[in-house]
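The chain contents come next:
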Amino acid sequence: MANTNKEKPSLTTLPAYKKLQKHFAQVSQLHMRRLFSVDPQRVNKYSIEYNGLFLDYSKNRISHETIPLLCELAKEADLESWRERMFSGEKINNTEGRAVLHTALRNRTNTPIMVDGEDIMPMINSTIDKMDAFSEKVRKGSWKGYTGKKITNIVNVGIGGSDLGPKMVYEALTPYHHKRLSVNFISNVDGAHIDQSLEKLNPETTLFVISSKTFTTQETLTNAHVAREWFLQSAVDEAHISKHFVAVSTNREGVIKFGIDPENMFEFWDWVGGRYSLWSAIGLSVVLAVGMKKFKKMLSGAHSMDQHFREAPLEQNMPVILAMLGIWYNNFFEAESYGIFPYDHYLRSLTMYLEQADMESNGKSVDRDGRKVDYATGPIIWGMSGINGQHAFYQSIHQGTKMIPSDFIVSMLTHSTHQDQHNIMFANALAQTEALMRGRNFDETLADIKASDADLGDIEKRIHHMVFEGNHPTNTILIRKLTPRTLGMLLALYEHKIFVQGIVWNLNSFDQWGVELGKQLTKTILEDIDQPYEVRSHDGSTNTLINYYRDVIGVGTE
Ligand SMILES: O=P(O)(O)OC[C@H]1O[C@](O)(CO)[C@@H](O)[C@@H]1O
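Conventions used here
- Residues numbered from 1 in each chain as written.
- Predicted model: local features only at pLDDT ≥ 70, side-chain atom pairs only at ≥ 80, totals over all residues.
- Heavy atoms only, no water.
- UniProt positions renumbered as here; feature names shortened; annotations may be inferred.
- Helix = DSSP H or I, 4+ residues; strand = E, 2+ residues; numbered from the N terminus.
- Rg over C-alpha atoms; globule rule 2.2 N^0.38 Å.
- Buried < 20%, exposed > 50% of the residue type's maximum accessible area, 1.4 Å probe, protein only.
- Contact = heavy atoms within 4.5 Å.
- Areas by Shrake-Rupley, 256 points an atom, 1.4 Å probe, with all protein chains shown as cover.
- Near = heavy atom within 4 Å.
- Polar contact = N/O pair within 3.5 Å; in protein donor to acceptor, adjacent residues only side chain to side chain.
- Nonpolar A, V, L, I, M, F, W, Y, C, P; charged D, E, K, R; others polar.
- Phe/Tyr/Trp six-rings, centres within 6.5 Å; stacked < 30°, edge-to-face > 60°.
- Lys NZ or Arg CZ within 6 Å of the ring centre and 35° of its normal.
- Axes fitted to C-alpha atoms, helices over the stretch in contact; angles between N-to-C directions.
- Pairing = 2+ DSSP bridges.

- As recorded by an unreviewed UniProt entry, the chain carries the name Glucose-6-phosphate isomerase and is attributed to Cocleimonas flava.
- UniProt annotates the chain under Function (unreviewed entry) with the comment "Catalyzes the reversible isomerization of glucose-6-phosphate to fructose-6-phosphate."
- Under the UniProt heading Sequence similarities (unreviewed entry), the note attached to the chain is "Belongs to the GPI family."

So, the overall build of the chain
In step 1: Across its full length, the chain carries 24 helices and 13 strands.
In step 2: For 558 residues, the compact-globule estimate of 2.2 N^0.38 gives 24 Å, and the chain sits close to it at 26 Å.
In step 3: Its C-alpha atoms put the chain at 75 × 65 × 60 Å along the principal axes.
In step 4: Taken over 558 residues, the chain has a buried fraction of 53%.
In step 5: If you take every contact in the chain between residues at least 6 apart in sequence, the share linking residues at least 24 apart comes to 75%.
In step 6: By element, 52% of the accessible surface of the chain is carried by carbon and sulfur atoms, the whole surface being about 25000 Å².

Topic: the site of the ligand
In step 1: Neighbouring the ligand are 14 residues; Ser162, Ser212, Lys213, Thr214 and Thr217 lie closest to it.
In step 2: Contact distances for the ligand include 3.2 Å between an oxygen atom and a side-chain N or O atom of glutamine 356.
In step 3: At a separation of 2.8 Å, an oxygen atom of the ligand approaches a polar side-chain atom of glutamate 360.
In step 4: Bound to the protein, the ligand loses 88% of the 390 Å² it would expose on its own.
In step 5: Counted by class, the shell around the ligand contains two nonpolar, nine polar and three charged residues.

Focus: the packing of aromatic side chains
By convention here, two paired aromatic rings are described through the distance between centres and the angle between planes.
In step 1: Across all of its chains, the model carries 28 aromatic pairs by this definition.
In step 2: Between the aromatic rings of tyrosine 46 and tyrosine 57, the centroid separation amounts to 5.7 Å while the plane-to-plane angle is 50°, which identifies the pairing as tilted. Taken as a pair, tyrosine 46 in the loop between α3 (42-45) and β1 (47-50) and tyrosine 57 in the loop between β2 (53-56) and α4 (66-76) lie far apart in primary sequence, 11 residues in all.
In step 3: The exposure class of tyrosine 46 is buried, given its relative accessible area of 6%.
In step 4: The class of tyrosine 57 is buried, set by a relative accessible area of 2%.
In step 5: Measuring from centroid to centroid gives 5.5 Å for phenylalanine 341 and phenylalanine 408, while their planes differ by 70°, and the two rings are edge-to-face. Taken together, the residues phenylalanine 341 in strand β10 (residues 337-343) and phenylalanine 408 in strand β12 (residues 406-413) connect sequence positions 67 residues apart. Side by side, phenylalanine 341 and phenylalanine 408 carry an identical accessibility label, which is buried.
In step 6: Each member of the aromatic cluster is reached from another via a ring pair, and the members are Tyr17, Phe24, Trp328, Tyr329, Phe332 and Phe333.
In step 7: In this structure, arginine 42 is placed above the aromatic ring of phenylalanine 36, and the distance from its NZ or CZ to the ring centre is 5.2 Å.

Re the packing of helix α7 (residues 121-140) against helix α14 (residues 292-311)
Packed helix pairs are characterised by how far apart their axes lie and by the angle those axes make with each other.
In step 1: Across the interface, α7 lies against α14 with an axial gap of 10 Å and an inter-helix angle of 145°. Residues Ile128, Met131 and Asp132 of α7 lie in contact with α14, whose contacting residues are Met292, Phe295, Lys296 and Leu299.
In step 2: The residue inventory of the contact of α7 with α14, partitioned by class, reads five nonpolar, no polar and two charged.

A few points about the UniProt feature "active site" (unreviewed entry) in the chain
In step 1: Per the UniProt record, "active site" (unreviewed entry) is found at Glu360, His391 and Lys519. In terms of the greatest pairwise C-alpha distance, the residues named above, spread along 160 residues, do not form a single cluster, extending to 36.6 Å across.
In step 2: For histidine 391, the location among the structural elements is in the loop between α17 (386-390) and α18 (394-399).
In step 3: Residue classification places histidine 391 among the exposed positions, given a relative accessible area of 70%.
In step 4: As for its placement among the helices and strands, lysine 519 is situated in helix α23 (residues 516-529).

Here's the deal with the sheet that holds strand β8 (residues 245-249)
In step 1: One open sheet accounts for five strands, arranged β6-β5-β7-β8-β9; its pairing is parallel. The two strands at the open ends of the sheet, each matched to only one other strand, are β6 (182-186) and β9 (265-267). Neighbour-to-neighbour, the strand axes of the sheet open up by a mean angle of 20°, direction not taken into account.
In step 2: As defined by bridge partners, strand β7 (residues 206-211) adjoins β8 across four bridges and the pair is classed as parallel. Residue pairing across strands places serine 211 opposite valine 248, the latter belonging to β8.
In step 3: In the packing of helix α10 (residues 218-235) onto the sheet, the strands contacted are β5 (153-157), β6, β7 and β8, and the crossing angle to β7 comes to about 160°.

Notes on α4
In step 1: Taken as a whole, α4 has its buried residues at Thr66, Ile67, Leu69, Leu70, Cys71, Leu73 and Ala74.
In step 2: Tucked into the core, α4 has its buried residues touching α1 (15-27), α5 (79-87), α15 (318-332) and α22 (484-504).

What about the sheet that holds β1?
In step 1: Strand order in the open sheet made by the six strands is β1-β2-β13-β12-β10-β11, with mixed pairing throughout. One side of each edge strand has no neighbouring strand; the edge strands of this open sheet are β1 and β11 (380-382). Averaged over all pairs of adjacent strands, the angle between strand axes in this sheet comes to 15°, irrespective of strand direction.
In step 2: Here β12 runs beside strand β13 (residues 474-481); their pairing, made up of seven bridges, is parallel.

Overview of the pairing of β2
In step 1: In this sheet, β2 lies alongside β1 in antiparallel orientation, the contact comprising four bridges. If you follow serine 47 over to β2, its bridge partner there is aspartate 56.
In step 2: Counting the residues between successive antiparallel strands, the hairpin from β1 to β2 contains two residues, one of them, asparagine 51, with a positive phi of roughly 50°.

As for the pairing of β13
In step 1: Counting buried residues along β13, six of its eight residues qualify, which places the element largely inside the surrounding structure.
In step 2: Pairing between β2 and β13: four bridges, direction antiparallel. Bridge assignment links aspartate 56 to a residue of β13, and that residue is threonine 476.

Looking at unusual backbone geometry
In step 1: The backbone of asparagine 51 sits at a positive phi, close to 50°, despite the residue not being glycine.
In step 2: Take asparagine 51: it is sitting in the loop between β1 and β2.
In step 3: On the basis of relative accessibility, which here comes to 41%, the residue asparagine 51 falls in the partly exposed class.
In step 4: Despite not being glycine, phenylalanine 215 shows a phi value in the positive range, around 55°.
In step 5: Residue placement: phenylalanine 215 occurs in the loop between β7 and α10.
In step 6: Residue phenylalanine 215 is classed as buried on the basis of its relative accessible area, which comes to 3%.

Here it is, written out as structure tokens:
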């Protein structure tokens, strides 16, 4: 597309960007070991504590000039005014003409927020009340299934933001689960997923929560229809559906068309992005499991991070610091990916959730004005539970050729009774960040080998493989204890990090046009599979694959 915006200069032409390029030439030569020996207390300078979260960013390749320069860049990108535009409900999602107001969903101080001249807080609060009343009935057992039994199992049917967020939060809040209720999450359109889940369930005591912002998503609607058929095989009478199916959506007509009573619909709105929706009625499955009181605590935690993001000076602002460090590595060191490693079993799905939150938001190559960008945007986000990652891919982080900046997220107080195990996990997390920063040079490696019982005759062969260069950047995020409140803070921290980066890269972080083409082609291929003739309308590879598939499953043979 042609350059339609002459006013907004490209990121790489901003004065602070140019200063950072020069600064990079010096700092990139420094080893963090040296930075720590020059200033052993640098953690005091490079850390932020806020309400039970502690961010230590001292193990980064930064000098005293780096953060001020990065904050200068954020200012030149107009971060502060964009931040206010988001919080106040301006339609900053310009390609869809929508406000971006997931922060309103957790606006626990209830200050009015206007969209199209209407204060949206009353409707948010009324949905919260509806979720509260409904979930209490299910939790207390007064909501009965069609044979008069209490609900024991909830099945959330959804995908993307309508699955990853609630699933991750449900797992993260395991210690707070209702004893009688457990939640299954069905997302994959592969029939194996739903078969496997339903096999263990009793239709008399199962409640389906069909979660879809649009209520048009193929995977979710397909699974929802399968669930409905499965239920009716036992219940027979369609009148029973109202006791076992509820919907969470912005699309009332779609919900009615599916056959769910609008009384059983929990609403949200187009100004909530799918990947930012866990704070909305999309959190219903979580509310059923942990209760509205705990859910509100999570909202309050997120709200407190919103306030910090809105009010703290940029240089002491956790989301801003995380974001700008990410930009430092992405745009200056040219790191291509970013690791997220939770050291907490309950946060095991956090990375997958953040893959969507980050990559669907900032994985874009056209800026908000439609211009092709000439700089790198969102990195590849990846990772898994850190302790498991250590025994899988950390080799590459320590000794590979790629720079992989990463976040280590560690809870200090455990919910488990095994304090010794927790100490082991905590020690492992810190050992990794220490090793990644310090490394182990040749002399130290030699000394270590000599001090061990190893066969000295083999030293020559091995020593170069045993040296660690170090200088690998990490952030450590310590969570005092994983509670609904600190979880809310942590998730809002990452949401705002993503927002800041999107502003600096001049992206619209709130649309996702890149998912559309695949959806469109799926429809065509699905129709082609059933054609009575050989398929020739695609490229040679795709035609061959479709026809091969048709042969194997035995359709379309004339
Ligand atoms: O909630 P829905 O409308 O079913 O969408 C599910 C997911 O699909 C996407 O649109 C991507 O295809 C995501 O943005 C969204 O979270």
